[in-house]
Amino acid sequence: MTMPTLLDVIAAAERLRGRIVRTPLVSSPSLSGTRTSSVFLKLETHQTTGSFKLRGVSNMLLLSGQNAKGFVAASTGNHARALAYAAQQMGKPCTVCMSKLVPENKVQAVQALGANIKIVGASQDDAQEEVDRLVLSEGLLAVPPFDDKRVIAGQGTIALEILAENPHIDTLLVPLSGGGLAGGIAMAAKSIKPSVRVIGISMAKGAAMVASLQAGKPVTVTEEPSLADSLGGGIGIPNHYTFDLCKTYLDDTLLLTEDEIAAGIRHAYRYEQEIVEGAGAVGIAALLADKVRSSGTVAVVVSGKNIDMAVHQALISENQKI
Ligand SMILES: *Cc1c(COP(=O)(O)O)cnc(C)c1O
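Conventions used here
Residues numbered from 1 in each chain as written. Predicted model: local features only at pLDDT ≥ 70, side-chain atom pairs only at ≥ 80, totals over all residues. Heavy atoms only, no water. UniProt positions renumbered as here; feature names shortened; annotations may be inferred. Helix = DSSP H or I, 4+ residues; strand = E, 2+ residues; numbered from the N terminus. Rg over C-alpha atoms; globule rule 2.2 N^0.38 Å. Buried < 20%, exposed > 50% of the residue type's maximum accessible area, 1.4 Å probe, protein only. Contact = heavy atoms within 4.5 Å. 1 Å grid on protein atoms, 1.4 Å probe; cavity = no way out; pocket = protein on both sides within 12 Å on 5 of 7 lines; lining within 4 Å. Points joined across faces, edges and corners; volume = space filled by probe spheres on them. Nonpolar A, V, L, I, M, F, W, Y, C, P; charged D, E, K, R; others polar. Domains from an automatic or database assignment. Buried area = accessible area lost by both parts, 1.4 Å probe. Salt bridge = Lys/Arg side-chain N within 4 Å of Asp/Glu carboxyl O. Polar contact = N/O pair within 3.5 Å; in protein donor to acceptor, adjacent residues only side chain to side chain.

The name given to the protein chain in an unreviewed UniProt entry is Hydroxyectoine utilization dehydratase EutB, with Acetobacter pomorum as the source organism. Entered under Sequence similarities (unreviewed entry) in the UniProt record, the comment concerning the protein chain runs "Belongs to the serine/threonine dehydratase family." The UniProt entry for the protein chain carries the following comment under Cofactor (unreviewed entry): "pyridoxal 5'-phosphate".

Okay, here's the thing in structure tokens:
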């Protein structure tokens, strides 16, 4: 299996030009302290569909989707939104398979972007089985959320934008789940600037990639509810690319408690005026919790904003010290 390279990422950036938002890299005085000389936020919260996932999905569809009848994926969240949008842009149908446990508001958000929704079974595994069935019976193209070269190359374009904007970045803080985002960014960033440190950040509860890196091979973990819901789920067994990428290119990983993640969401709102979902706030949270050892110029990938607004409201109105 050949791994995605910097050339794949550069080609993806060219392909995506004009189709995704080149999101802002903003300085964050509120997070810039003595330990870290300066902190910048890469705001994928401003990406179309509210997360970076559109980069990987669009790169795959542009590369491989021209002759497809349509697309299919099992996802409840940001991957589904991105796929629904990208398919609509191409004028092709898309089906998203979800278990019956997925809340109605999430179903509607994806439906509103024009996707057909198939409610099947009681777990993400059941939904994935339906995807495999639709690939065979309907000839749809399955679009994986992270473990695909085209998807990884798309996510890696974030590294090109950050280093083009600010070549002085020493450390990158990146949310970590399946590892398409962190693996793609770390590979691209280090291919351009080998001295860059890249740290993957997950929630303490059910971090599949961190457990796998510790075990030295892909392992499954029990999924648990977390404020960082977009970081839930396994890394796939077998895993084809992201485990090796993360093993090769990540310098370190960090785990955060739910309280620390909540503090990150609050800080983003109060000091940066940004609505950020739990998964998107982990880099900010790690800095606030003083868990990042490195110094120098830090770029934090703020990966998404799709949080249940009632949950967000409750979090920011808690009168906690931050
Ligand atoms: C999917 C997602 C992640 C994690 O990306 P992986 O490639 O699975 O590691 C992080 N943040 C948000 C907002 C996401 O939607």
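Moving on from the model shown.
(A) Just the overall build of the protein chain, in detail. Along the protein chain, the regular secondary structure elements total twelve helices and ten strands. In terms of overall size, the protein chain behaves like a compact globule, its C-alpha atoms giving a radius of gyration of 18 Å where 322 residues would be expected to give roughly 20 Å. Its C-alpha atoms give the protein chain principal-axis dimensions of about 60 × 45 × 40 Å. The buried share among the 322 residues of the protein chain stands at 54%. Considering only contacts in the protein chain between residues 6 or more positions apart, those separated by 24 or more positions represent 74%.

(B) Examining the layout of surface pockets more closely. Roughly 240 Å³ of internal volume is contained in the second largest pocket. Lining the second largest pocket are 13 residues, with Ala 13, Glu 14, Arg 17, Arg 22 and Glu 161 positioned closest to its centre. Looking at the lining of the second largest pocket, the elements that each hand over two or more residues are α1 (6-16) and α6 (149-165). When grouped by side-chain class, the residues that make up the lining of the second largest pocket number seven nonpolar, two polar and four charged.

(C) Summary view of the domain arrangement of the protein chain. The domain boundaries assigned to the protein chain delineate domain 1 (6-52 + 148-316) and domain 2 (69-139). Across the boundary between the two partners, domain 1 contributes eight residues, which contact six residues of domain 2. Where domain 1 abuts domain 2, roughly 580 Å² becomes buried across the two surfaces, and 46% of that area is made up of carbon and sulfur atoms. Contact with domain 2 buries surface across domain 1, with Thr 48, Thr 49 and Asn 306 losing the most and accounting together for 57% of the total. Across the domain 1-domain 2 interface, the total number found is one salt bridge. Between Lys 106 and Asp 229 there is a salt bridge, with the nearest N and O atoms lying 3.2 Å from each other. Along the contact surface separating domain 1 from domain 2 lie four residue pairs in polar contact (both at pLDDT 80 or more). A breakdown of the residues in the side of domain 1 that touches domain 2 according to their chemical character gives no nonpolar, five polar and three charged.

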